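# Survey of secondary and tertiary structure
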Amino acid sequence: MNITNIKKLLIIILLTLQGIFSAQASYLFIPMDMDQSNHLKAYGIAYYAVAHQIDMSWLLNYRGGSFMCAYNSDVENECVVRGVSYQVIADLAAQQILNEIAAVENNMNEIRLTKEPKIAVYSPKNKLPWDDAVTLVLTYAEIPYTVIYDEEVIHGELPKYDWLHLHHEDFTGQYGKFWAHYRSAQWYVLDVQENESRAAQLGFAKVSDMKLAVAKGIRNFVAGGGYLFAMCSGPDSFDIALAADGVDICDVMFDGDPMDPQAQSKLNYDNCFAFTDFKIETNPYVYEVSDIDVDPTTHLTNKSNDFFTLFEFSAKWDPVPTMLCQNHMSVIPGFMGQTTAFRKDLIKPTVTIMGETQLFNEARYIHGEFGQGTWTFYSGHDPEDYQHLINDPATNLDLFPNSAGYRLILNNVLFPAAKKQEQKT
């Protein structure tokens, strides 16, 4: 055999081996345990795949909630560009993973992500001196979202979206109770002016009336099948606004007239998603809207012991809370906020507590259903900034690509696509 023929034979052998390897290595596996270099951007890869009509499997409780899809060069390229760890594996290896997950004795499940969630963030258009963890991580993970605010909700645009996040907000119309310390600050004065102007343009006599109408619009969104996520002051002020429907709980410095002296006794807790039997804080000098939030000084004096633990749910029987708790860590560092944590004795018995702090006997991460939709409330302001203060710089997530606290936010972002599939099966 001459040299030319030998070269041809070698080329044929190499092409044959490459073909065999390509046929076998036909899945992309994205680990989400400690082997993942960038957990947060990995969610963006899962979203990218679904947005491009590439079904992605979410492997619940398998190596930290890993992702897997049929091999696709575009998805692989995105992993490389975004710095996300992945493996190209053969059909047999993928099937072995799925067999392990399907075994009755293993608390695991495969959930298919098949529909791109349309994401909205309820956030003011004017600049305020604090950032928002959800918009930070959505941007970092390269997951697209649309910013909406009072106008869009009042005009009935929420049904365009699957998932809604409530930015750091006070739905009671008391501007976060910042009046006592910041009433002379330019940002506070401008925020009041813009809210009052917007309320008038939308036909409301008071900002509190506008915010109540917005809260009702969001409640209807959830009842119709929407997915709501809120952090920090969003959860408790949302429920308080609904409970105070028809009751003036704002003092004169917030809405121009005194509050109803019988306001507390007129609250209707049946209107609330999560909380019950709470007491509203009527003192305008106190930086709280109710007693739902725990005493923040307790956390400040116990910072080194401030952690909360995620519950372990049955992946096969309770896939929804299991999805929302996927992580490479089960114990998450705590972090403060305008609402730092939820008092457990004020949470309705129908609510699922997904994360709690044993030391303080409080809940940090809760979930429930309302109508055809669901809601998830997460306390604290920024998972990687223990005590975020007014005018503090935004967190640089390049420094925290493996943040377990931020992962909980992104679990919720993918949840609509996953739950739609879960309902079909």
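Scroll up to find the structure.
A brief structural summary. The model shown is predicted, which means the values in this text are computed figures rather than measured ones. (Residues numbered from 1 in each chain as written. Predicted model: local features only at pLDDT ≥ 70, side-chain atom pairs only at ≥ 80, totals over all residues. Heavy atoms only, no water.)

## Some points on the pairing of strand E1 (residues 27-30)
Note that E1 and strand E4 (residues 87-89) share three bridges and pair antiparallel. Within E4, the position partnered with Phe29 by the bridge is Gln87. As paired strands, E1 and strand E3 (residues 66-70) are joined by four bridges and run antiparallel to one another. Paired with Tyr27 across the strands is Ala70, a residue of E3. (Pairing = 2+ DSSP bridges. Helix = DSSP H or I, 4+ residues; strand = E, 2+ residues; numbered from the N terminus.)

## Overview of the sheet that holds strand E2 (residues 56-60)
The strand order across the open sheet built from five strands is E4-E1-E3-E2-E5, with neighbouring strands paired in antiparallel fashion. Two strands in the sheet have a free side with no partner beyond their single neighbour: E4 and strand E5 (109-113). Across this sheet, the average inter-strand angle for adjacent strands is 25 degrees, counted without regard to direction. In terms of strand pairing, E2 meets E3 through three bridges, oriented antiparallel. In the sheet register, Leu59 faces E3, and the bridge partner there is Ser66. Against the sheet, helix H4 (residues 91-102) makes contact with E1, E2, E3, E4 and E5, and its axis sits at roughly 95 degrees relative to E4, the strand it touches most. (Axes fitted to C-alpha atoms, helices over the stretch in contact; angles between N-to-C directions. Contact = heavy atoms within 4.5 Å.)

## Section: unusual backbone geometry
Its identity as a non-glycine residue notwithstanding, Arg63 has a phi of 50 degrees, on the positive side. Considering the arrangement of structural elements, one finds Arg63 in the loop between E2 and E3. Assessed through its relative accessible area of 26%, Arg63 is described here as partly exposed. Despite not being glycine, Glu142 shows a phi value in the positive range, around 65 degrees. Structurally, Glu142 is set in the loop between helix H5 (133-141) and strand E7 (146-148). (Buried < 20%, exposed > 50% of the residue type's maximum accessible area, 1.4 Å probe, protein only.)

## A short note on helix H9 (residues 207-223)
Helix length check: H9, at 17 residues, gives a terminal C-alpha distance of 24 Å against a target of 24 Å (1.5 Å per residue), a fit within 8%. Among the residues making up H9, those that are buried are Val207, Ser208, Met210, Lys211, Leu212, Val214, Ala215, Ile218, Arg219, Phe221 and Val222. (Expected span 1.5 Å × (residues − 1).)

## Quick look at the environment of Asn271
One can find Asn271 in the loop between helix H12 (263-266) and helix H13 (296-300). Put simply, Asn271 and Phe370 are 99 residues apart on the chain and 11 Å apart in space, counted from C-alpha to C-alpha. In this view, Asn271 contacts Arg219, Leu242, Ala243 and Asp245; residues no more than four positions away in its chain are not counted.

## Some details on helix H10 (residues 233-243)
Among the eleven residues in H10, eleven count as buried, and that is most of the element. Restricting attention to buried positions, one finds in H10 the residues Ser233, Gly234, Pro235, Asp236, Ser237, Phe238, Asp239, Ile240, Ala241, Leu242 and Ala243. For H10, the elements touching its buried residues are strand E8 (163-166), H9, strand E9 (227-231), H12, strand E12 (342-343) and strand E15 (373-378).

## Structural notes on the side chain of Asp248
Structurally, the position occupied by Asp248 is in the loop between H10 and helix H11 (252-255). Polar contacts involving the side chain of Asp248 include one to the side chain of Lys206, which spans 3.3 Å. What Asp248 contacts, discounting residues up to four positions off in sequence, is Lys206, Asp255, Asp257, Pro258, Met259, Asp260 and Ala263. (Polar contact = N/O pair within 3.5 Å; in protein donor to acceptor, adjacent residues only side chain to side chain.)

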